[in-house]
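An overview of the molecular structure
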Amino acid sequence: MFTAFMNSRYPGIKTRYPAEGRRKWRLRVAEEFWNLSAQDFDALPSEVFTDEDTDDGDSDLLDDLTEREEPGLLVRTDFSNEDSWNLFIAKFQNAEQELADALKSPTSDVVHDGDIAMADPNATEEGEDDDDHPTLIIHVLNAESSHLKALFDNKSNLAILRLLNDVDVRKAPDPPYDAKPIKPSSRLTAKRGYQEVYYGKNIWIYDAQSNVDECVRAVNQIGDMYGTASGDSWRARVTHICELQFNMSFLGMKIDFGGLDRWDYSERLRNVKEADIEII
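What you see is a predicted model, and the numbers here were worked out from it, not measured in a lab. (Residues numbered from 1 in each chain as written. Predicted model: local features only at pLDDT ≥ 70, side-chain atom pairs only at ≥ 80, totals over all residues. Heavy atoms only, no water.)

Bringing the overall build of the protein chain into the picture now. Each helix and strand counted, the protein chain has ten helices and nine strands in total. Evaluated residue by residue, the protein chain yields a buried proportion of 48% over its 280 residues. Of the contacts formed within the protein chain by residues at least 6 apart in sequence, a portion of 75% connects residues at least 24 apart. Accessible surface computed for the protein chain: about 14,600 Å², of which carbon and sulfur atoms make up 49%. (Helix = DSSP H or I, 4+ residues; strand = E, 2+ residues; numbered from the N terminus. Buried < 20%, exposed > 50% of the residue type's maximum accessible area, 1.4 Å probe, protein only. Contact = heavy atoms within 4.5 Å. Areas by Shrake-Rupley, 256 points an atom, 1.4 Å probe, with all protein chains shown as cover.)

If you want it as structure tokens, here you go:
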């Protein structure tokens, strides 16, 4: 449904706002989709098969920050404490080097989620695909210009996703047979049976709390379980985030807390509230 809607609206949005770039254009189309009246929404085709990629080749204003080989981005959103940031980065770089060294030797069958050690069923056998292991896992995005600092300063998970990922809409996860409807409904959880989701680099956010706990917000791009939301996050320790990124990107690991909703509820509320703010 959304693919057809995107194909029909994207060219006009692009013409109307020529200076904004791909991600903002897609966000504006998504905004129109969510703002449809019930009658117009019901009139949309339920299923369309198309290979057309409306935004194929279109650039974005922040592509220079995201078009990198690393699958993850560590985004600094707090600039209040340089000493804490420098200490954090030193520990991050040490963990990054430890992972790089480990990848040169037989791989371990244990991965960490920041709180729990889990056996990974997808771990490679000794020596398997050693030459395919990447040397760069997470790129550190530490804004230096005043413009970029203002863009990232104290931003929510959703705001960072919208800046550095591309929006899409998919069918929302099916509710369990005994589940109560999500109230209030939100485009990030389930609205009219659909859910707003994001695709692109995995996002790790350094915030004000990181100055104290040396953890970052690990941001979920898609709310995979009914009741959870796109943009949900949990706090991951600096010593584990490179290993986590590697296991998620190359070994197929997913953080789902065994089906429990252990995401940071305050960040979810912040995202849900911001999702309904008109895009300008």
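So, about the packing of aromatic side chains. Taken as a whole, this structure holds twelve aromatic pairs when the rule is applied. Note on Tyr-10 and Trp-25: the rings are 6.0 Å apart at their centroids and 85° apart in plane angle, and the pair reads as edge-to-face. Here Trp-25 lies in helix H2 (residues 22–34) and Tyr-10 lies in helix H1 (residues 2–16), a separation of 15 residues in the sequence. A relative accessible area of 1% places Tyr-10 in the buried class. (Phe/Tyr/Trp six-rings, centres within 6.5 Å; stacked < 30°, edge-to-face > 60°.)

Let us look at the side chain of Arg-187. Among the secondary structure elements, Arg-187 is positioned in the loop between strand E5 (166–171) and strand E6 (194–199). Residue classification places Arg-187 among the buried positions, given a relative accessible area of 3%. A polar atom in the side chain of Arg-187 sits 3.3 Å from the backbone oxygen of Ala-275. Residue contacts for Arg-187: discarding those within four places in its chain leaves Glu-31, Trp-34, Arg-162, Tyr-194, Gln-195, Glu-196, Ala-275 and Asp-276. (Polar contact = N/O pair within 3.5 Å; in protein donor to acceptor, adjacent residues only side chain to side chain.)

Attention now goes to the packing of H1 against H2. With their axes 9 Å apart at the nearest point, H1 and H2 run at an angle of 120° to one another. By the angle class used here, H1 and H2 are oblique. The way H1 lies across H2 gives a crossing that is right-handed. From H1, Phe-2, Phe-5, Met-6, Arg-9, Tyr-10, Ile-13, Lys-14 and Arg-16 reach across to H2, where they touch Arg-22, Trp-25, Arg-26, Arg-28, Val-29, Ala-30, Glu-32 and Phe-33. (Axes fitted to C-alpha atoms, helices over the stretch in contact; angles between N-to-C directions. Parallel < 35°, antiparallel > 145°, perpendicular 65-115°, else oblique. Left-handed = near helix turned anticlockwise from the far one by under 90°.)

Another aspect to go through is the pattern of salt bridges. Applying the stated criterion across every chain, the model contains 24 salt bridges. Close ionic contact of Asp-166 with Arg-22 constitutes a salt bridge, the shortest N to O distance being 2.7 Å. Pair noted here: Asp-166 is in strand E5 and Arg-22 is in helix H2, with a separation of 144 residues, a long-range link. Each of the two residues, Asp-166 as well as Arg-22, counts as buried. Between Arg-270 and Glu-274 there is a salt bridge whose closest N-O contact spans 3.8 Å. Taken together, the residues span about one helical turn, with Arg-270 and Glu-274 both in helix H10 (residues 265–275) at a distance of four residues. Among the residues examined, Glu-274 registers a relative accessible area of 25% and is labelled partly exposed. The structure contains a network of salt bridges with shared partners spanning Asp-207, Asp-213, Arg-217, Arg-235, Glu-267, Arg-270 and Glu-274. (Salt bridge = Lys/Arg side-chain N within 4 Å of Asp/Glu carboxyl O.)

With that settled, the discussion passes to the sheet that holds strand E1 (residues 72–76). One open sheet accounts for five strands, arranged E4-E1-E7-E8-E9; its pairing is mixed. Edge positions in the open sheet fall to strand E4 (138–141) and strand E9 (233–237), since each of these has one partner strand only. Averaged over neighbouring strand pairs, the angle between their axes works out to 30° when direction is ignored. The pairing of E1 with strand E7 (residues 202–206) spans five bridges and is parallel. Residue pairing across strands places Leu-74 opposite Trp-204, the latter belonging to E7. Its contacts with the sheet put helix H7 (residues 157–164) on E1, E4, E7, strand E8 (215–219) and E9, and the angle it makes with E7 is roughly 130°. Seen against the sheet, helix H9 (residues 241–250) touches E1, E4, E7, E8 and E9 and runs at an angle of roughly 165° to E7. (Pairing = 2+ DSSP bridges.)

These figures capture arrangement, not role.
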